[in-house]
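# Observations on chain architecture
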Amino acid sequence: MKTRTWAPYALIAPTLVLMAVFLVYPIASVGWFSLRHHTVTQPWKNGFIGFENFRRMLFEDQLFWQSLVFSAKWVVVEVGLQLVLGLVLALIVNETFVGRGLARSLVFSPWAVSGVLTTGIWILLYNPSTGIFQQLAQWGIGDAGTSVLGNPETVFPATVVTELWRGVPFFAILLLADLQSIPKDLYEAASVDGAGRWRTFVSITLPHLRDAIVLSTLLRAVWEFNNVDLIYTLTGGGPANQTTTLPLYVARKAVDSHDFGYGSALTMAGFVILLFFSILYLRLSKFGSRA
Amino acid sequence: MTQTLTRPATVLDPPPAPPRRKKHRDPSRYFRLHLPLVLYLLFTLIPFYWMVVFAFRPAGSTSLVPWPITFEHFDTVWNGVGFGVFFQNSLIIGVGTLVVVTVFALMGGYALARFKFRGQRVFLLALLCTQFIPGAMMLIPLFVIFKSAGLLNSLTGLVIADTAFQLPLALILMSGFVRNVPVELEEAAMVDGCSRLRAFFAVTLPQLKPAIVAVGSFAFIGAWNNFLFALMFASKQDKFTLPVGLSYALGEFNTDFGALAAGGVIAAVPVVLVFAVVQRFLVQGLSAGAVKG
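Overview of the structure. Every value quoted in this text rests on a predicted model; they were computed, and no experiment measured them.

So, about the packing of aromatic side chains. Across all of its chains, the model carries 34 aromatic pairs over all chains by this definition. When the centroid spacing of 4.9 Å and the interplanar angle of 75° are considered together, the rings of Y110(B) and F200(B) count as edge-to-face. With a gap of 90 residues between them, Y110(B) in helix 4 (residues 83–114) and F200(B) in helix 9 (residues 196–207) connect regions that are remote in the sequence. One exposure class covers both Y110(B) and F200(B), and it is buried. Ring pairing ties together the aromatic residues W122(A), Y126(A), F133(A), W165(A), Y40(B), F43(B) and F48(B), which thus form one cluster.

Below, the structure is given as structure tokens:
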């Protein structure tokens, strides 16, 4: 149905307007703000200061570099574990067994839970007076110890496990969708040829899943890089800024100290990193070959 | 199905019974299938169960079964703390976003799937790129826009912000669904004298019911769960949403875990129910649209 009418433009107009006003214009204005001193609390000091924010960020701000390093660590650990566990979970619920539908609904359900609610649930589990570790210690399993979130040695693994609870279903859902598209006769042929379970997995399943794995990993890496809700509410970036990611740093500049100028400069740094990811994504998703 | 999540007695269901058919009687299945599945189910369900126990057992009790059951914590948060109002705000924002996103996604998705037009490729590219724009990074400029437009502390403002961030992905998903409806059906109706608009409403729209349910539900879940926009743009307590209320509860109820848990149950039940209904579409929808670009 090739056409030269105005119809498609009218149909996408609302989307275009919303994107222009709430996505494109804000990005441009971040660039402008990053060159200014701009705080809500001391508006009389606001003004153009050139690249001063960037100089401060790159050369004086220890926390900026620290947050970048932690962001990288967070993304690598979280996405890596989610991928492995998600793949295993997808393979399990792809098998045929009694109660499979119910099992799928249950193991996928944390996907729908918000970051703040996840925090609430796990704070109840981790709390040092009536939490799960105290309960286990009562039964003689392990040792109650102290608050896992207050202890610098356990705060990272505790945060990682919390986000895994909510994040693994994402990979499991996506990979399950792809698993279901593998033609059954491939497996029958493999079984006729006497291929074992492992051999079948390596030669048929994994190659078929490759594209889905690459793209979901990239999407998830971006998502975990941007993930603020959970860390903001669970640790607040602490103790001692140990769990501060770059977007969390930006959010704290915006929400807590209302330092819009410097926060915008930090945002620009984030955009550069995200730009790299998006180019990679578009290349790998073979965007060009579709049109 | 998911009522089991809020009904503690059945949460720790026994593992799925071993299959009865003969060809499956393979003892290694217990180790590679049932054991990991049960372990993972425990990992998923114990946190939910923990919240439910805290929400329904009397203050001071450490029993692992919420019996005798009490609703005192729900009374505290719903009436005392204002979760009743937060729930209403979240519901308005969730349903509002659902409606706007679904309508615009249908329009745009139809345009992408059924027309070839100049600038289509650029539009699609822009939609894909938005998946990389983080809400957290946009807080500052959006705050300035909202302030000058008088949209701070307004539920409408939050619907607009949530819509802007959810629409691109919803539109991509919807265009995938529209493409799956055979265009011939629509063309046949048009040959029979229907206008394009009538053909759409009479032929294509009924076929899109599952897609509408799926896209709408994701929009609802996304808006219901959004935290940062609500935190930043609605600072008055009568405009708080459930995630914002919960985040304050995390700080203030440091000792009152029962109240925190009850607030959590209130926030969880609607999305978990919606999710149970659309879980199957999620598997189809995401593989059709988003990931394969």
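Even without being glycine, N153(B) reaches a positive phi, approximately 55°. Relative to the helices and strands, N153(B) resides in the loop between helix 6 (139–148) and helix 7 (155–180).

At the interface, 105 residues of chain B touch 105 residues of chain A. Summed over both sides, the interface of chain B with chain A buries roughly 9,300 Å², with 80% coming from carbon and sulfur. Looking at the side of chain B facing chain A, the largest losses of area belong to F132(B), M137(B) and I140(B), adding up to 9% of the total buried there. At the surface where chain B touches chain A, the tally comes to zero salt bridges. Applying the counting rule to chain B against chain A returns five residue pairs in polar contact (both at pLDDT 80 or more). Considering every element that reaches the side of chain B that touches chain A, the biggest residue donor is helix 2 (residues 28–56) of chain B, with 17 residues. In the side of chain B that touches chain A, the residues fall into 74 nonpolar, 15 polar and 16 charged.

The rules behind these values
Residues numbered from 1 in each chain as written. Chains lettered and ligands numbered in written order. Predicted model: local features only at pLDDT ≥ 70, side-chain atom pairs only at ≥ 80, totals over all residues. Heavy atoms only, no water. Phe/Tyr/Trp six-rings, centres within 6.5 Å; stacked < 30°, edge-to-face > 60°. Helix = DSSP H or I, 4+ residues; strand = E, 2+ residues; numbered from the N terminus. Buried < 20%, exposed > 50% of the residue type's maximum accessible area, 1.4 Å probe, protein only. Contact = heavy atoms within 4.5 Å. Buried area = accessible area lost by both parts, 1.4 Å probe. Salt bridge = Lys/Arg side-chain N within 4 Å of Asp/Glu carboxyl O. Polar contact = N/O pair within 3.5 Å; in protein donor to acceptor, adjacent residues only side chain to side chain. Nonpolar A, V, L, I, M, F, W, Y, C, P; charged D, E, K, R; others polar.

Treat this as a map of the structure, not an account of what it does.
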